[in-house]
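# Descriptive structure summary
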Amino acid sequence: MKEKINKTNVARLLDKAKVAYELVPYEVDENDLSATHVAKQLGENIEQVFKTLVLRGDKNGYFVCVVPGDAEVNLKKAAKVSGNKSCEMIHVKELLPLTGYIRGGCSPIGMKKHFPTYIHMTAEQYDHIYVSAGQRGLQVRIAPEDLIRESRAEVTDLLSL
């Protein structure tokens, strides 16, 4: 028997938009909230498990970058695409009040407020990718084009070479 998964706000928003997706639970390790751990739990390629990062630019304020789980966002590229001269990751304590999400459960869909969102271009290489469903222990399996549309994201290069 399949365990019932409680719908998150992300799932409700995707339902409302009539987007096909799947909620995929995984075992949370409080000492390892990395996307690498999530990918291992899901038995998926780390390149298809994307993490959601919130940054602050020097000119335009907050914005969101969605990148492959094993990658580091290139701050120079992120600043440039977002119209900033420089940017930095926000402090973890700012995450919940700003987005409504906690570290390890931050989704590009359904934040308290919409922020400009940028998704790394490799997402488009796959028929599906994973992003957080808005809580630790739950991922959304979704077609990249649906995620791009629903998060109103721009597809761009965000990674260091």
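Provided above is the structure to which this section pertains.
Notes on the structure in this doc start here. (Residues numbered from 1 in each chain as written. Predicted model: local features only at pLDDT ≥ 70, side-chain atom pairs only at ≥ 80, totals over all residues. Heavy atoms only, no water.)

### Structural notes on the overall build of the protein chain
Rule in force here: Secondary structure elements are taken from DSSP: a helix is a run of H or I of four residues or more, a strand is a run of E of two residues or more, and numbering for both begins at the N terminus. Every radius of gyration here is taken over C-alpha atoms, with the globule rule written as 2.2 Å times N^0.38, N being the number of residues. Each residue is placed in one exposure class: buried if its accessible area under a 1.4 Å probe, protein chains only, is under 20% of its type's maximum, exposed if it is over 50%, and partly exposed if it falls in between. All accessible areas in this document rest on Shrake-Rupley with a 1.4 Å probe, and a residue is counted as covered only by the protein chains that are shown. Think of it this way: Lys and Arg go in the positive column, Asp and Glu in the negative one, and His and the chain ends go nowhere. By convention, the point assigned to a charge is CZ for Arg, NZ for Lys, CD for Glu and CG for Asp.
When you go through the protein chain residue by residue, the secondary structure sums to five helices and eight strands. Going from N to C terminus, the protein chain has its helices and strands arranged as α-β-α-β-β-α-β-α-β-β-β-α-β. Radius of gyration (C-alpha) of the protein chain: 15 Å, near the 15 Å computed for a compact globule of 161 residues. Its C-alpha atoms give the protein chain principal-axis dimensions of roughly 55 × 35 × 30 Å. Counting all 161 residues of the protein chain, 48% fall into the buried class. Accessible surface, the protein chain as shown: approximately 8,700 Å² in total, 50% of it carbon and sulfur. Averaging the locations of the 22 positively and 21 negatively charged side chains of the protein chain gives two centres separated by 7 Å.

### Remarks on the layout of surface pockets
To locate leftover empty space, one rolls a probe as large as a water molecule over the atoms. Note the cut-off: Put plainly, a pocket is an open set of points on a 1 Å grid over the protein atoms alone with protein on both sides within 12 Å along at least five of seven lines, a cavity is a set where a 1.4 Å probe fits but cannot get out, and a lining residue has an atom within 4 Å of a point. Grid points are joined across faces, edges and corners, and a volume is the space filled by probe spheres set on the points. Residues are grouped as follows: Ala, Val, Leu, Ile, Met, Phe, Trp, Tyr, Cys and Pro are nonpolar; Asp, Glu, Lys and Arg are charged; all remaining types, including Gly, are polar.
Taken as a whole, the largest pocket spans an internal volume of roughly 520 Å³. Lining of the largest pocket is provided by 25 residues; of these, Lys51, Thr52, Leu53, Arg103 and Gly104 occupy positions nearest its centre. Every element with two or more residues in the lining of the largest pocket is listed here: helix H2 (35–42), strand E2 (50–57) and helix H4 (92–99). Ranked by residues supplied to the lining of the largest pocket, first place goes to E2 with five residues. Counted by class, the lining of the largest pocket contains 14 nonpolar, nine polar and two charged residues. Estimates place the volume of the second largest pocket at around 250 Å³. Looking at the second largest pocket, it is lined by 16 residues, and the ones nearest its centre are Leu13, Ile109, Gly110, Glu150 and Arg152. In terms of residue count, helix H1 (residues 9–16) provides more of the lining of the second largest pocket than any other element does, three residues in total. Here the residues of the lining of the second largest pocket sort into eight nonpolar, four polar and four charged.

### Examining unusual backbone geometry
Although it is not a glycine, Lys18 adopts a positive phi angle of roughly 55 degrees. Assignment of secondary structure puts Lys18 in the loop between H1 and strand E1 (21–25). In this model, Arg152 sits at a positive phi of 50 degrees, which is unusual for a non-glycine residue. Mapping Arg152 onto the fold places it in the loop between helix H5 (144–150) and strand E8 (153–156). Residue Arg152 is classed as exposed on the basis of its relative accessible area of 57%.

### Some remarks on the sheet that holds strand E7 (residues 138–142)
What counts here: Strand pairing is assigned whenever DSSP identifies at least 2 bridges connecting the two strands. All axes are obtained by fitting lines to C-alpha atoms, using only the stretch in contact for helices, and the reported angles, taken between N-to-C directions, cover 0 to 180 degrees. Only heavy atoms matter for contacts: two residues are in contact if any of them lie within 4.5 Å across the pair.
Strand order in the open sheet made by the three strands is E1-E7-E6, with antiparallel pairing throughout. Sheet topology places E1 and strand E6 (129–135) at the edges, where each strand pairs with a single neighbour. Within this sheet the neighbouring strands show an average axis-to-axis angle of 35 degrees, counted without direction. With five bridges joining them, E6 and E7 adopt antiparallel strand pairing. Opposite Ser132, over in E7, you have Gln139 as the bridge partner. Across the sheet, H1 touches E1, E6 and E7, and the angle it forms with E1 is around 165 degrees.

Nothing here speaks to function; it is geometry throughout.
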